[in-house]
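For reference, the chains in residue letters:
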Amino acid sequence: MYNFKEIEERQRKKWEESGLFKTPKQPGKKFYLLEMYAYPSGDIHIGHFRNYVLGDVVWRYKKMNGYDLLHSFGWDAFGLPAEQAAIKHKASPRQWTLNNIKLSRSTLQRIGISYDWDREVITCEPDYYKWTQWFFLFLYKNGLAYKDISFVNWCPECNTVLANEQVINGKCWRCSSEVEKRELKQWFFKITDYAERLLNDIDKLENWPEPIKIMQRNWIGKSVGATVNFLQEDLKVEMPVFTTRFDTIYGVTFMAIAPEHKLMRKLMEISPNRDEIERYVKKSIMKPELERTMEEREKDGVFTGLYAINPFSGERVQIWVADYVLAAYGTGIVMAVPAHDQRDFEFAKKYDIPIKIVINPSDSTLHLDEMETAYTEYGVMVNSRDFNGLTSEEGMEKLAQYANDNGLGKASVVYKLRDWLISRQRYWGAPIPVIYCDKCGEVPVPEKDLPVLLPSEDKVDFIPRGRSPLEDVDDFVNTKCPLCGGPARRDVDTMDTYVCSSWYHFRYLSPHNDQEPFSREDADKWLPVDYYIGGAEHATSHLLYFRFFTKVLYDHGYLGVEEPAAALFNHGMVLDGTGEIMSKSKGNVVSPVNLIDEIGIDGGRIAILFFAPPGREILWSDEGTKGATRFLNRIYNLFNDLKIDNDGILDNEEANEEAIEEVYEEANEEDKELFKLMHRTIKKVTSDIDGMQFNTSIAALMEALNEISSDILEASNFKNFVARTFIKLLSPFAPYLADYLWNKLFHHQGSICESSWPKYLEKYTTFEEITIAVQINGKLRGTIEVQADIVKEEAIELAKKQENISKYLEIGTIIKEIWIPKKIINFVIR
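For clarity, every value in this text was computed on a predicted model and none was experimentally measured. (Residues numbered from 1 in each chain as written. Predicted model: local features only at pLDDT ≥ 70, side-chain atom pairs only at ≥ 80, totals over all residues. Heavy atoms only, no water.)

Draft legend 1. A look at the packing of helix H19 (residues 601–610) against helix H20 (residues 626–639). Where H19 meets H20, the closest approach of the two axes is 8 Å, and the angle between their N-to-C directions is 125°. It follows from the interaxial angle that H19 and H20 lie oblique. Between H19 and H20 lies a crossing whose hand is right-handed. Across from Asp-602, Gly-603, Ile-606 and Ala-607 in H19, the residues of H20 making contact are Ala-628, Phe-631 and Leu-632. Of the residues contributing to the contact of H19 with H20, the split by class is five nonpolar, one polar and one charged. (Axes fitted to C-alpha atoms, helices over the stretch in contact; angles between N-to-C directions. Helix = DSSP H or I, 4+ residues; strand = E, 2+ residues; numbered from the N terminus. Parallel < 35°, antiparallel > 145°, perpendicular 65-115°, else oblique. Left-handed = near helix turned anticlockwise from the far one by under 90°. Contact = heavy atoms within 4.5 Å. Nonpolar A, V, L, I, M, F, W, Y, C, P; charged D, E, K, R; others polar.)

Draft legend 2. Focus on empty space enclosed by the protein. Counted under the stated rule, the structure contains one cavity of 30 Å³ or more. Its boundaries defined by the atoms lining it, the largest cavity holds a volume of some 110 Å³. Gly-79, Leu-80, Arg-424, Asp-496 and Thr-497 are, among the 14 residues lining the largest cavity, the residues nearest its centre. Every element with two or more residues in the lining of the largest cavity is listed here: helix H3 (80–88) and strand E25 (494–495). Considered class by class, the residues forming the lining of the largest cavity number four nonpolar, six polar and four charged. (1 Å grid on protein atoms, 1.4 Å probe; cavity = no way out; pocket = protein on both sides within 12 Å on 5 of 7 lines; lining within 4 Å. Points joined across faces, edges and corners; volume = space filled by probe spheres on them.)

Draft legend 3. Seen up close, the environment of Ile-422. Within the fold, Ile-422 resides in the loop between strand E19 (420–421) and strand E20 (423–424). Of the residues examined, Ile-422 reaches a relative accessible area of 0% and is grouped as buried. Placed 77 residues apart in sequence, Ile-422 and Val-499 show a C-alpha to C-alpha distance of 7.6 Å. Ile-422 has contacts with Phe-136, Trp-187, Phe-189, Ile-432, Thr-494, Met-495, Asp-496 and Val-499, leaving out every residue within four places of it along the chain. (Buried < 20%, exposed > 50% of the residue type's maximum accessible area, 1.4 Å probe, protein only.)

Draft legend 4. The arrangement of the pattern of salt bridges in detail. The full count for this structure, using the stated rule, is 48 salt bridges. The shortest N-O distance in the salt bridge between Lys-204 and Asp-201 comes to 3.5 Å. You can call Asp-201 buried: its relative accessible area is 8%. Residues Arg-297 and Asp-300 are paired through a salt bridge, measuring 3.6 Å at the closest nitrogen-oxygen approach. The exposure class assigned to Arg-297 is buried, which follows from its relative accessible area of 15%. Residues joined by salt bridges that share partners form a network here, namely Arg-197, Asp-201, Lys-204, Arg-547, Lys-551, Asp-555, Glu-562 and Glu-563. (Salt bridge = Lys/Arg side-chain N within 4 Å of Asp/Glu carboxyl O.)

Draft legend 5. Focus on H20. With 14 residues, H20 ought to run about 20 Å at 1.5 Å a step, and its terminal C-alpha atoms sit 20 Å apart, in line with that. Buried residues belonging to H20 abut helix H1 (4–18), H19, helix H23 (694–706), helix H24 (710–715), helix H25 (719–730) and helix H26 (735–746). (Expected span 1.5 Å × (residues − 1).)

Take a look at the structure:
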């Protein structure tokens, strides 16, 4: 009887005692394998189980292919998820977090995932966030961290600021509350300095999923054009606008400025419509940005009663405040050309703003009274003074030169990407290492004084109230200035948890280094990450931020690589029986502990891997686990009592092809078929693992198992080869049973993953050819020569392409396709 509990407990102890998963100090053929670390807001659920098992399959497969691996784990322990869970359960964030880490770690260790636990990191521990603070100072000293007043995304439920990447469809990424806008002084990382490189180097990410690369390109959002300086006629201040259509500059009839633009305060002070504008601005900044910028939404605005001067035409241009303009994109002011932009056309029609044609099609003339939509294509410039008659392309070039020569503007590039807002008004995060002194101003904490420790929780009311809880802890706030020694105050905000996760993969390299976050020597050994497994939901947040950190460190000589991960794989979500994503916050999670208690760790692994390809979502069902149990029981029953003989040359995995062929030729027909079956299975499983198609790898093993009966195996002269090969192919998916059989049948003391992956010979992977008769309405019309393993769909498609068959099919309609495997195809037509 297959006693999985006894087998799994014994094998797990052997792995632990032998240090199977330890990282080698000097890797030969290195492979850095990484899964996204976990939020410790409870024990792991079946979705985590799937993700980490995927990585474990890769580890075992790569190990058997001769790689030295770094594979560790850690905990994203700061931030909103952990803190909110702690508040909900009336526990301190630290104790709640550490208890959950202990529980989750125990589950992962019981499962036997191939992690080197000596390299574990916990981001809420001082020995980790000391270096998170070091990274802040590193960016600060290099001009990449700054503080500024701006309108920020505010979640009223979480009572904290959110980065743009944490606002999804206008709602908080964590609690789904509608996000508001507030004006606060906040810390930013200047990721926009790296926008061009982040964009261009996407092309280097050859082994990243295309959807992720598309999302990052769109998020960075590069636009090439020109900046033109209009002049506000009363204040005599410049109002720069960015445009990609310089050829329409003479058609500007109004300008639109973002409600949150800093210039709006000055404009309101002199506007004859001040009261109306103040109401509009207040209403606008409360709207989610997604709503403000939706193309299908009817645009609105308020005329300020003020004008700017077009530097090219000298004409007065109306200034409107409009919520479809965002302060953070471009200059926060847009020039509006109603005749040649559909949004501007609709706005001008709505508010009776003049429309001026300045571009005609090359073969016709536009008339304003006939225009029902804007003409947005390139054409020939008109009503544009010295530039009349030029094509749009010629005009843009000459206008740019004219603007540059006369100080009216310049060529520009703008990005949708904004600087990364990292300030959080919460307790549970890494404190920002900055001190404020009345005499010395803003002073970074000296590196020797790191870490800046969070105050103990008994001194803090960490329930969010719209400002940082640290502000009320005098022992934390009040300090001495490191420059003059006078009284000073600490910054009371903490850092976004994404700062912690932007460098955790570096800490795995040197987890016990107390002199630096990681050593260059270790970085050169292991980086880049060879394979990164995680969710696509991080495309424009973590997966962008950790690229930014890597590039900055590369520029300053800390790294020899510019990109953090050579390959990325996005796993699919695990859905509950109703199709909802499993989540602790929804209370619909399935515990892997219950599953493995019932069917074993290997049973759980086979079930979760066989449900669907790793990149696809799966709909969890307890019924789906029964097939996994039957499969493993059949393997155990087939191999457990097998009496192994010496197969001679086939026992030597280094045997040359000629020697193998000689053994094959002398074999009986049954053994030849077994031999070819195993070579076909090696090829299929190997190819499918390389392509992250673990479900079809398991299907191939199931198909092979169907061909191997106890009688056939006992009578075979190749039983050693068959058993050894099958168990090796099984081992990445069901490592406990595979190791048990490896030790029992072949008397090996170590793990099967320390042996080599089986190799196949191509000539033994093909099936014999057979002839299939093709009939039309029961009459033989031709034949096709195919391999014996051909499936119905492939055979029918091949038959349809035969000239002597297709001519009959063309004169009628197929009403039925009859398939008798390996013998006949009959098309019934009329």
